[in-house]
Amino acid sequence: MSDDLRFPPGFLWGAATAAYQIEGAWDADGKGESIWDRFVRRPGVIAGGDTGDVACDHYHRYAEDVGHMAAMGLGAYRFSIAWPRIFPSGGGRPNQAGLDFYRRLIAALRDHGITPMATIHHWDLPQALEDRGGWVNRDTALRFAEYASFLFQALGAEVPMWATHNEPFVQAFYGYGTGENAPGRRNPWAILPVGHHLLLSHGLAVDAFRAAHLPSAQIGIVLMIWPHHPASPRPADVRAAWRIDGGMNRLFLEPLFRGRYPEDMLRHFGRRLMRPPVRPDDMEIISRKIDFLGVNSYTRLIHAADWRDLLTGARQVPPRGPTTAMGWEIYPDCIVEALAKAREYTDLPLYITESGAAFNDVVGPDGHIDDAARTDYLRMHIAAARRAITAGADLRGYFVWTLMDNFEWAQGCAKRFGLIHVDFTTQRRTWKGSARFFRDVIARNGL
Ligand code: FCB
């Protein structure tokens, strides 16, 4: 095997999940309602009428799931903590039973030598805070910092890697702008305030983390970074792709790493929407030094100029190659380009915190799932990650999305991204071919 398909020693191989997508037990042991618990009950918003009420029942089956991780040889596991399990109404007195669940999970991971990476918030805001304005309300950022600070004190000694948020863009745009995700608000004017308050809460949580003195732990944030390409070399299309890059990537990278919003975005949105509600000191707080950046990378998008879309002046054109079941183009260089984009802003250690694909898996008569398409996808994207390292990226780890089939938000349970197949009737877990492939990649530290 040629050396350059091996990864640097110590490279972290992991899998990622999110609380609402796998835990189930939506109202167990004093857990409060989250915006997803509320949203999924609206008729027609989730494909197939699915909910995360039970999902993979991971809350009760975590020990079995950690066993699968260990058998796969995972070096790390990225999961998220459900805020309403810890603070059922967003703040006040913590719910000990909810905290104990994460203590048990983290202990099981550590027993198997699996490094826990905890995401503090992966979209499941307590409904009680949404009732007070959610992320449009600046106060939610302060509540988030209190919640994060509590976690650092309670779990900080056991968790070496923390991520404040997962994909603030998605939360702001799809949660509050288009309403495809919880809380399902359709208010374009909310997008920039929500984005700003998420970023502010991130910075406040970083301050709380430093104040907690956890010298062997690190903190970062996870961004979705997808490359945006113009449909043609025409200047109007090039500008359209740059605007989308601004809204989805630079609107978050630039405040985090340069302490300011991109000028072109302020001009663009200033004309159409309000500006982010920035107060003195906010940008300094947002750009506090962090320890690593997590990058979620699935595909690229291609855009043409089109002012029928008043918000962006752009229209997405169809993919130019084969796609996954999500309709996302299979474009392995998305990883190389996303990491190059990150490097324009920071020389921090980088992690691919999500990479993976949904396909329509077929369970064979013998119960096996031969998901060759997913294995190919992973092979090509892991090779791309290796190319990015050769190109100079300080990439420290690669996390597959996702450990096991789960509740894929508005797409319900039909879109399967897992290395492990889940039968949602029996909760039986079955390794797919891709799980065995990934086990071998980990064992060889490369392809
Ligand atoms: C990402 C989310 C993750 C999952 C994948 C498919 O945007 O972070 O929860 O839904 O997409």
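Residues numbered from 1 in each chain as written. Predicted model: local features only at pLDDT ≥ 70, side-chain atom pairs only at ≥ 80, totals over all residues. Heavy atoms only, no water.

Novice: A description of the pattern of salt bridges should follow, citing residues and the corresponding values.
Specialist: When charged atoms on two side chains of opposite charge get close, those side chains can pair. Per the stated rule, a full pass over the model turns up 32 salt bridges. The partner of Arg-288 in a salt bridge is Asp-207, with the nearest N and O atoms 2.6 Å apart. In this pair, Arg-288 is assigned in the loop between α12 (282-286) and β7 (292-296) and Asp-207 in helix α9 (residues 191-211), connecting sequence segments 81 residues apart. Under the relative-accessibility criterion, Arg-288 is labelled partly exposed at 31%. When the shortest N-O distance is used, the salt bridge between Asp-245 and Lys-341 registers 2.8 Å. Placement of the pair is Asp-245 in helix α10 (residues 235-258) and Lys-341 in helix α13 (residues 333-345), with a sequence separation of 96 residues. Given the relative accessible area of 5%, Asp-245 is considered buried. (Salt bridge = Lys/Arg side-chain N within 4 Å of Asp/Glu carboxyl O. Helix = DSSP H or I, 4+ residues; strand = E, 2+ residues; numbered from the N terminus. Buried < 20%, exposed > 50% of the residue type's maximum accessible area, 1.4 Å probe, protein only.)

Novice: A description of the site of the ligand should follow, citing residues and the corresponding values.
Specialist: Looking at the ligand, the residues that line it are Gln-21, His-122, Trp-123, Asn-166, Glu-167, Asn-296, Tyr-298, Glu-354, Trp-401, Glu-408, Trp-409 and Phe-417. Take Trp-409: an N or O atom from its side chain is 2.9 Å from an oxygen atom of the ligand. A total of 290 Å² of accessible area belongs to the ligand in isolation, and the protein chains cover 95% of it. A molecule is said to occupy a pocket when more than half its atoms come within 2 Å of that pocket's grid points, and by this definition the ligand occupies the largest pocket. (Near = heavy atom within 4 Å. Polar contact = N/O pair within 3.5 Å; in protein donor to acceptor, adjacent residues only side chain to side chain. Areas by Shrake-Rupley, 256 points an atom, 1.4 Å probe, with all protein chains shown as cover. 1 Å grid on protein atoms, 1.4 Å probe; cavity = no way out; pocket = protein on both sides within 12 Å on 5 of 7 lines; lining within 4 Å. Sits in = over half its atoms within 2 Å of the grid points.)

Novice: So, the sheet that holds strand β2 (residues 76-80): which residues are in play, and what are the values?
Specialist: In spatial order, the strands read β1-β2-β3-β4-β5-β7-β10-β11; together these eight strands close into a barrel with parallel pairing. On average, each strand axis in the sheet is tilted by 25 degrees relative to the strand beside it, whichever way the strands run. Relative to strand β3 (residues 115-121), β2 is paired through five bridges, and the arrangement is parallel. Bridging across to β3, Arg-78 finds its partner in Met-117. Helix-sheet contacts for helix α5 (residues 96-111) involve β2 and β3, and the interaxial angle to β2 is about 170 degrees. In the packing of helix α14 (residues 372-390) onto the sheet, contacts are made with β1 (12-16), β10 (350-355) and β11 (395-401), and the angle to β11 comes to roughly 165 degrees. (Pairing = 2+ DSSP bridges. Axes fitted to C-alpha atoms, helices over the stretch in contact; angles between N-to-C directions. Contact = heavy atoms within 4.5 Å.)

Novice: An account of the pairing of β11 is needed here, citing residue identities and associated values.
Specialist: For β11, a buried count of six out of seven residues is recorded, marking the element as mostly surrounded by other parts of the structure. Of the pairings in the sheet, the one linking β1 to β11 comprises five bridges and is parallel in character. Directly across from Gly-14, in β11, lies its bridge partner Phe-399. Read from β10 through α14 to β11, the crossover connection turns out right-handed. (Right-handed = clockwise from strand over helix to strand, strands pointing away.)

Novice: Which residues make up the environment of Gly-270, and what are the values?
Specialist: Counting through the fold element by element, Gly-270 comes out in helix α11 (residues 263-272). Residues Gly-270 and Thr-312, 42 residues apart in the sequence, show an inter-C-alpha distance of 12 Å. If we ignore the near neighbours within four places in the chain, the residues touching Gly-270 are Met-265 and Arg-275.

Novice: Quick rundown of the layout of surface pockets? Include the residues and the values.
Specialist: Counted as a void, the largest pocket has a volume near 1000 Å³. Around the largest pocket, the lining comprises 48 residues; the ones closest to its centre are Phe-169, Tyr-174, Met-224, Trp-226 and Met-248. In terms of residue count, α10 provides more of the lining of the largest pocket than any other element does, five residues in total. Residues belonging to the lining of the largest pocket are distributed by class as follows: 27 nonpolar, 12 polar and nine charged. (Points joined across faces, edges and corners; volume = space filled by probe spheres on them. Nonpolar A, V, L, I, M, F, W, Y, C, P; charged D, E, K, R; others polar.)

Novice: Quick one: what's the story with the sheet that holds strand β6 (residues 228-230), residue by residue and with numbers?
Specialist: Strand order in this open sheet of three strands is β6-β8-β9, and the pairing throughout is mixed. Only two strands of the sheet have a single neighbouring strand rather than two, namely β6 and β9 (314-316). Adjacent strand axes in the sheet meet at a mean angle of 40 degrees, parallel and antiparallel pairs treated alike. Where strand β8 (residues 301-305) meets β9, three bridges bridge the pair, whose relative direction is antiparallel. When the sheet's bridge partners are listed, Ala-304 is paired in β9 with Arg-315.

Novice: Explain α10 to me, and be specific about the residues and the numbers.
Specialist: With 24 residues, α10 extends only 27 Å from end C-alpha to end C-alpha; this falls clearly short of the ideal 34 Å at 1.5 Å per step. Along α10, the sharpest kink reaches roughly 55 degrees, centred on Asn-249. Buried residues dominate α10, accounting for 17 of its 24 residues. (Expected span 1.5 Å × (residues − 1). Bend = angle between axes of the 7 residues up to and from the residue.)

Novice: Please give an account of the packing of aromatic side chains that cites residues and values.
Specialist: Here the structure, examined in full by the defined rule, presents 35 aromatic pairs. Taking the centre distance of 5.3 Å and the plane angle of 70 degrees together, the rings of Phe-87 and Phe-150 count as edge-to-face. Of this pair, Phe-87 sits in the loop between α4 (83-86) and α5 while Phe-150 sits in helix α7 (residues 139-155), placing them 63 residues apart in sequence. Taken together, the ring pairs in this structure connect Tyr-20, Trp-36, Phe-39, Trp-123, Phe-407 and Trp-409 into an aromatic cluster. Against the face of Trp-26 rests Arg-41, its NZ or CZ located 4.4 Å from the ring centre. The ring centre of Trp-242 lies 3.6 Å from the NZ or CZ of Arg-250, which sits over that ring. (Phe/Tyr/Trp six-rings, centres within 6.5 Å; stacked < 30°, edge-to-face > 60°. Lys NZ or Arg CZ within 6 Å of the ring centre and 35° of its normal.)

Novice: Let's hear about α13: which residues, and what values?
Specialist: Its 13 residues give α13 an end-to-end C-alpha distance of 19 Å, which sits within 8% of 18 Å, the value for a rise of 1.5 Å per residue. Within the span of α13, buried status applies to Cys-334, Ile-335, Ala-338, Leu-339, Lys-341, Ala-342 and Tyr-345. One face of α13 carries all of its buried residues, which in axial projection span an arc of 155 degrees. At its buried positions, α13 is contacted by α10, β7, β10, α14 and β11. (Arc of directions from axis to C-beta.)

The quantities given are spatial measurements derived from coordinates; they are silent on function.
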